Amino acid sequence: QVQLVESGGGSVQAGGSLRLSCAASGRTFSLYGMGWFRQAPGKEREFVAGITWNGGSTRYADSVKGRFTISRDNAKNTVYLQMNSLRPEDTAVYYCARRLVSSISTRFQEYEYWGQGTQVTVSS
């Protein structure tokens, strides 16, 4: 059974930074594409960033491009989301997710496994 555990969320003022981590169980972490999504109250879950199996390609939502960076360390079975220049509109529960294939997808329906989420709150 695959388990994903996020950490690193918290409260920060606008302009600040946070680094989210997602630790995955299982030996085959390095084979699969990973993504970060977020969901604010009353809103749909939205794609934030994705990364291919080897980190060779990444993709970002327009709203976070240039501020957020996704990366992965396959030796540690961990994917990261570095979030800089945070804004109040970034406030949401952030989820990491794993696909069954090596590529990136922006559609949450194409991710098989999900973490429990970590809250990020940005105050103005």
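A brief structural summary.

Calculation criteria
- Residues numbered from 1 in each chain as written.
- Predicted model: local features only at pLDDT ≥ 70, side-chain atom pairs only at ≥ 80, totals over all residues.
- Heavy atoms only, no water.
- Buried < 20%, exposed > 50% of the residue type's maximum accessible area, 1.4 Å probe, protein only.
- Helix = DSSP H or I, 4+ residues; strand = E, 2+ residues; numbered from the N terminus.
- Pairing = 2+ DSSP bridges.
- Core = buried A, V, L, I, M, F, W, Y, C linked by side-chain atoms within 4.5 Å.
- Disulfide = S-S within 2.5 Å.
- Salt bridge = Lys/Arg side-chain N within 4 Å of Asp/Glu carboxyl O.

1. Some points on the pairing of strand β11 (residues 118–123)
Right, so step 1: Only one face of β11 is buried, namely the one carrying T118, V120 and V122, since none of Q119, T121 and S123 on the opposite face is buried.
Right, so step 2: For strand β2 (residues 10–13) and β11, the ladder comprises 4 bridges, and the chain directions are parallel. Each bridged residue has a counterpart across the sheet, and for S11 the counterpart in β11 is T121.
Right, so step 3: Bridging between strand β9 (residues 92–98) and β11 involves 3 bridges; their strand directions are antiparallel. Looking at β11, one finds that A92 is bridged to V120.

2. Here's the deal with the nonpolar core
Right, so step 1: With 32 residues, the main nonpolar core has W36, L81, M83 and Y94 as its most contacted residues.
Right, so step 2: Counting residues per element, the ones that place at least two in this core are β3 (18–24), β4 (34–39), β5 (46–51), β7 (68–73), β8 (78–83), β9 and β11.

3. Some words on the state of the cysteines
Right, so step 1: Counted under the stated rule, the structure contains 1 disulfide.
Right, so step 2: A sulfur-sulfur distance of 1.9 Å marks the disulfide that ties C22 to C96. Taking the sign of the S-S torsion, 45 degrees for the link of C22 and C96, the bridge is right-handed. Of this pair, C22 sits in strand β3 while C96 is found in strand β9, placing the two residues 74 residues apart along the sequence.
Right, so step 3: Overall, C22 belongs to the buried group, its relative accessible area being 0%.
Right, so step 4: C96 sits in the buried class, given a relative accessible area of 0%.

4. Looking at the pattern of salt bridges
Right, so step 1: For the coordinates displayed, the defined rule picks out 6 salt bridges.
Right, so step 2: Note that D62 and K65 form a salt bridge whose closest N and O atoms lie 3.0 Å from each other. As far as burial versus exposure is concerned, D62 and K65 are alike and both exposed.
Right, so step 3: Here D90 and R67 are joined by a salt bridge, their closest N and O atoms 2.8 Å apart. Here D90, found in the loop between β8 and β9, pairs with R67, found in the loop between β6 (58–60) and β7; they are 23 residues apart in sequence, far enough to count as distant. R67 matches D90 in its accessibility class, with the two residues each being buried.

5. Concerning unusual backbone geometry
Right, so step 1: Here the phi dihedral of N77 falls at roughly 55 degrees; this positive angle occurs in a residue that is not glycine.
Right, so step 2: For N77, the position within the fold is in the loop between β7 and β8.
Right, so step 3: Here the phi dihedral of S85 falls at roughly 50 degrees; this positive angle occurs in a residue that is not glycine.
Right, so step 4: Among the secondary structure elements, S85 is positioned in the loop between β8 and β9.

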